[in-house]
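This is what each chain is made of:
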Amino acid sequence: MTEPGRHEFTVLSTEDVYTGRIIALRVDEVAMPGGSQARREVVEHHGAVAILALDEDDQVTLIHQYRHPLGRRIWELPAGLIDHLGEDPLESAKRELVEEVGLAARNWSVLVDVAVSPGFTDEVVRVFLATGLSAVDRELLGDEEADLVARKFPLTEAVRMTLAGEIVNGATVGGILAAQAVRATEATPRPADAPWEDLPTRFPSRES
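Predicted model only: the values in this text are computed from it and were never measured.

Rules of the game
In this convention, every chain numbers its residues from 1, walking through the sequence in written order. Local features in a predicted model are, by the rule used here, given only for residues with pLDDT of at least 70; side-chain atom pairs are given and counted only at 80 or more, and totals for whole chains, interfaces and linings are based on all residues. Calculation of side-chain values draws on the structure's entire complement of heavy atoms; hydrogens and water are dropped beforehand. Cavity means a closed set of points on a 1 Å grid over the protein atoms alone, one where a 1.4 Å probe fits but cannot get out, pocket means an open set with protein on both sides within 12 Å along at least 5 of 7 lines, and lining means a residue has an atom within 4 Å of a point. Grid points are joined across faces, edges and corners, and a volume is the space filled by probe spheres set on the points. To qualify as a helix, a DSSP run of H or I must reach at least 4 residues; to qualify as a strand, a run of E must reach at least 2; elements of each kind are numbered from the N terminus. Any residue outside Ala, Val, Leu, Ile, Met, Phe, Trp, Tyr, Cys, Pro, Asp, Glu, Lys and Arg is labelled polar, Gly included; the first ten of those are nonpolar and the last four are charged. What counts as a salt bridge is simple: a side-chain nitrogen of Lys or Arg found within 4 Å of a carboxyl oxygen of Asp or Glu. Here's how the labels work: a residue is buried when its accessible area is under 20% of the maximum for its type, exposed when over 50%, partly exposed in between, all with a 1.4 Å probe on protein chains only.

A. Quick peek at the layout of surface pockets. Space inside the largest pocket adds up to approximately 1400 Å³. Counting residues per element, the ones that place at least two in the lining of the largest pocket are strand S3 (37-45), strand S4 (48-53), strand S5 (59-67), strand S6 (72-76), strand S7 (79-81), helix H1 (89-101), helix H2 (143-146) and helix H4 (170-185). Of the residues contributing to the lining of the largest pocket, the split by class is 21 nonpolar, 10 polar and 13 charged. Its volume calculated, the second largest pocket comes out at about 160 Å³. Around the second largest pocket, the lining residues are Arg 26, Arg 40, Glu 41, Val 42, Pro 118, Gly 119, Phe 120, Thr 121, Asp 122 and Arg 202.

In structure tokens, the structure reads:
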């Protein structure tokens, strides 16, 4: 048996169970430290981006959106999938900010990367900080986006909502608390083109 923390979890075999429009499910047989094998179910997903758009008055724009798995509308940051393999995440973020809330931004940086639930899915969301905002025309692309309600909240109120359990979306929670930390501590966000080690590629590769 190898020393703790040094075992290589080699994938011995892979079985595709389901491939859909935005996810795929596979089952891997993985070599475990004690010499046994374990089945690991993995949900593959596109990478995604979310945008914390903060205006000069420290107001953050949130959207109220229906999420079918939860069966209700929840408050979230504007967000969306990276459409195809090789798409620049920053360009994805700029597109989503226009489409969902009709905003463009002059300044962009990376707040946090959020592994949504790494116990079973490779989905990771990059949360950008966008400032220097200006209004532009929205482009409605479907019934779901037409149903969105956008509203501005003071950043301090968004923090309160997060801690009160009124905001539960993981990337939104991470982005709001990170933005508050930046404001409170003068921490420096990463550049907008910072390397993204965990950007999902397996599912997008199926479509290429």
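B. Structural detail: the pattern of salt bridges. Here the structure, examined in full by the defined rule, presents 19 salt bridges. For the salt bridge of Arg 95 with Asp 83, the shortest nitrogen-to-oxygen distance reads 3.4 Å. Taken together, the positions of Arg 95 in helix H1 and Asp 83 in the loop between S7 and H1 put the pair 12 residues apart, joining distant regions of the chain. Glu 87 is the salt-bridge partner of Arg 95, the closest N and O atoms lying 2.4 Å from each other. Overall, the relative accessible area of 12% leaves Glu 87 in the buried class. Ionic contacts of the salt-bridge type, sharing partners, join the residues Asp 16, Arg 26, Asp 28, Glu 44, Arg 202 and Arg 206 into one network.

Any functional reading would require information that these geometric values do not contain.
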